[in-house]
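What follows is the residue order along each chain.
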Amino acid sequence: MKLSRRYALKSLLSIISYISLSKVSFGNNQILVGKTVIVIGAGISGLVAASTLIQKGANVIILEAKNYIGGRIRTDRSLGAPFEYGAGWIHGPSEDNPIRNLADRTNSSLFVTDDDSCELLNLSGNDIDEKVWDEIEEIWEEIIYDEIDSDTEGSILDAINEYDSNIWSDPNIRWVFSAYEEFNYGGPIHEISAGLIKEMSGFPTADVIFKDGYDKIINLLAKNLQIQTNSIVKSVNYSSTNNITVSTTSKNYECDYVICSVPLGVLKFNSIEFNPALPRYKQDSIENVGFGTVTKLALKFKDQFWDSDVQYYYTVAKETGRWPIWMNYRTFSKEKILMGLCMGDYAKKADLMSKEELIEDGLKVLKNVWEDDVGEVQNVLRTSWLNDPFTKGAYSFPRVDNSEEDFENLAESVDNRLFFCGEHTDLKYLATTHGALYTGIRAAKEVIKANK
Ligand SMILES: Cc1cc2nc3c(=O)[nH]c(=O)nc-3n(C[C@H](O)[C@H](O)[C@H](O)COP(=O)(O)OP(=O)(O)OC[C@H]3O[C@@H](n4cnc5c(N)ncnc54)[C@H](O)[C@@H]3O)c2cc1C
């Protein structure tokens, strides 16, 4: 049994020769002295772009809409153990993975989440027979690895139906595709492009979490950077051949270059007005590329009613994407916390539920298994990325009818002065922290090149 968000990608990976962050160097010449660069957004891609540019002598100002930095890397410790609103895992923490490198530099304590340490529970809340489960996984593997290749048209659901038009009615089948694929890619199974997932890649080795919080790497990256929080960028005016004017709700900034690292969801909502408007092809790709959501709910209980040594409880529900995964905090902390996840279309509903509705919805699934043993909830944290005006969803996915070109369009600079980074701009490592980091380096390199 394997569950990692990046499991499907790992087998595609042979040797990754990407540079690790510590090895990033563009020479020592300060060719950007006297130049001002505005970076919009203090997520990992924006921070990395900024720190790369200050090495070249640029005056870099980061404008961040929220009152905190890190964007989709955000840790809350109020439950006694870290709750990650956004990224939780380092996917493939091998030595080539730059996030692993940052974790090492912050002396972070990492914990391998063992996907095989799990209990599978059917619609009635009982253990699923191992033989039945093996068959389900075999079907999943055959479809994802044998049936689908980069030329496959349509969605993953189309590929499932082509394989056997009856199997989607099986709740166990819906579970496996939701927990593995919808979680992995962040979109609903009927919208994710089957062919394009084969263009994505990852790093080897089992996923890990930060026992003391993912945000440690953000704090390291943000050292010595000029970051203005509570600065909501409303417009970028690059119509003059001289300076670019970036306007927030309270102030105008003049600069030579802009790096825009805001999430795809924000671009889709046209929250920032570009003058002149972005080229049509770029606007089309912004519209077309998928941007889904994932909901997390951490329930801290007064008394523990589950085992301490099972990493994940996998619960099958009638509705696809409804709390298929529960992560057991007791395997790595003393806190009696179960963290549930929703994905696909169900996550869109869950994100919009009130806190009370969401708790009730999660508890119903747990009570289906543990019945009256499910006791008092002491404390709760939840996410609602769809409602976040500065993100508008969780992460990007290749949608049916997208092409690789769409992602190139998202990354492409405009007028050699306006540059773009963020997880959505790199199909290969889409929806990951390491992918976002690489795009920050790429955008900074483009600025350096444009200045030559
Ligand atoms: C629920 C969830 C789970 C995830 N799990 C994982 C995981 O386990 N492992 C993994 O590798 N990745 C995971 N990811 C993905 C990962 O978190 C992202 O790919 C990565 O953090 C994105 O970084 P970024 O710099 O592209 O964007 P962001 O971190 O979103 O940064 C963009 C910044 O722009 C700011 N902004 C937006 N609009 C404006 C404006 N108008 N003016 C100024 N600032 C603005 C935002 O506030 C934000 O801080 C997860 C994400 C989510 C949401």
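No experiment lies behind these values; they were computed from the predicted model shown.

What counts, and where the lines are drawn
Residues numbered from 1 in each chain as written. Predicted model: local features only at pLDDT ≥ 70, side-chain atom pairs only at ≥ 80, totals over all residues. Heavy atoms only, no water. Salt bridge = Lys/Arg side-chain N within 4 Å of Asp/Glu carboxyl O. Buried < 20%, exposed > 50% of the residue type's maximum accessible area, 1.4 Å probe, protein only. Helix = DSSP H or I, 4+ residues; strand = E, 2+ residues; numbered from the N terminus. Contact = heavy atoms within 4.5 Å. Polar contact = N/O pair within 3.5 Å; in protein donor to acceptor, adjacent residues only side chain to side chain. Core = buried A, V, L, I, M, F, W, Y, C linked by side-chain atoms within 4.5 Å. Domains from an automatic or database assignment. Pairing = 2+ DSSP bridges. Axes fitted to C-alpha atoms, helices over the stretch in contact; angles between N-to-C directions. Buried area = accessible area lost by both parts, 1.4 Å probe.

Visitor: Would you take a moment to explain the pattern of salt bridges for this structure?
Guide: Close approach of charged atoms lets side chains of opposite charge pair. Within this structure, the stated rule accounts for 15 salt bridges. The partner of R322 in a salt bridge is E319, and the shortest N-O contact between them spans 3.3 Å. Under the relative-accessibility criterion, R322 is labelled buried at 12%. Residue classification places E319 among the partly exposed residues on the basis of a relative accessible area of 32%. Among the ionic contacts, a cluster of salt bridges with common partners joins E191, D345, K348 and R399.

Visitor: Teacher, can you tell me more about the environment of T439 here?
Guide: When you line up the elements, T439 lands in helix α13 (residues 433-451). Each C-alpha atom, one on T439 and one on G125, is 43 Å from the other, the two residues being 314 residues apart in sequence. With near-sequence residues (within four places) excluded, T439 lies in contact with S45, C421, G422, E423, T425 and D426. Polar contacts involving the side chain of T439 include one to the main-chain amide nitrogen of G422, which spans 2.9 Å.

Visitor: What exactly am I supposed to notice about the nonpolar core here?
Guide: Core analysis: the largest hydrophobic core is formed by 85 residues, its most contacted members being F177, V236 and F274. A per-element tally of this core places helix α6 (residues 171-185) first, with 8 residues. Counting the residues that make up this core, at least three belong to each of domain 1 (18-76 + 212-290 + 401-451) and domain 2 (107-210 + 291-387). Apart from the residues within four sequence positions on either side, V236 is in contact with I40, I244, T245, V258, I272, E273, F274, N275 and L418.

Visitor: Just checking my understanding: could you explain the sheet that holds strand β2 (residues 59-63) for this structure?
Guide: Backbone hydrogen bonds hold the strands of a sheet together, and the pairing may be parallel or antiparallel. In space, the 5 strands of this open sheet follow the order β9-β2-β1-β13-β22, with parallel pairing throughout. Unpaired on one side and paired on the other, β9 (226-228) and β22 (418-420) mark the two borders of the sheet. Shown here is a sheet whose adjacent strand axes are inclined to one another by a mean of 20°, direction ignored. In this structure, β2 lies alongside β9, joined through 3 bridges in parallel fashion. Looking across to β9, one finds that I62 is bridged to I227. Contacts from α13 reach β1 (36-40), β13 (257-260) and β22 within the one sheet, and its direction differs from that of β13 by about 165°.

Visitor: Is there a simple way to explain the domain arrangement of the protein in this structure?
Guide: For interface size, the figure often reported is the accessible area lost on association. In terms of domain boundaries, the protein breaks down into domain 1 (18-76 + 212-290 + 401-451) and domain 2 (107-210 + 291-387). Each of domain 1 and domain 2 has a C-alpha centre, and the two are 31 Å apart. With 26 residues of domain 1 in contact, the opposing surface of domain 2 contributes 14 residues. Around 1,600 Å² of area is buried between domain 1 and domain 2 when both sides are counted, 67% of it from carbon and sulfur atoms. For domain 1, the biggest contributors to the area lost against domain 2 are D212, L427 and K428; these three give 24% of the whole.

Visitor: Just checking my understanding: could you explain unusual backbone geometry for this structure?
Guide: It is generally the case that most residues other than glycine have a negative phi and that most peptide bonds are trans. Between N275 and the following residue, P276, the backbone shows a cis peptide bond with an omega angle of 0°. Tracing the chain through its elements places P276 in the loop between β14 (273-275) and α9 (280-288). Although it is not a glycine, N270 sits at a positive phi angle of roughly 50°. Within the element layout of this structure, N270 appears in the loop between α8 (264-268) and β14. For D415, which is not a glycine, the phi torsion comes out positive at approximately 65°. Turning to its location among the elements, D415 is positioned in the loop between α12 (404-411) and β22. For D415, a relative accessible area of 46% corresponds to the partly exposed category.

Visitor: Please clarify how the sheet that holds strand β5 (residues 89-90) should be interpreted in this entry.
Guide: Pairing is antiparallel in the open sheet, where 3 strands are placed in the order β5-β8-β6. Strands at the two margins of the open sheet, each flanked by one partner only, are β5 and β6 (110-112). Sheet topology note: the β5/strand β8 (residues 208-210) ladder contains 2 bridges and is antiparallel. The residue bridging I90 from the neighbouring strand is V208, located in β8.

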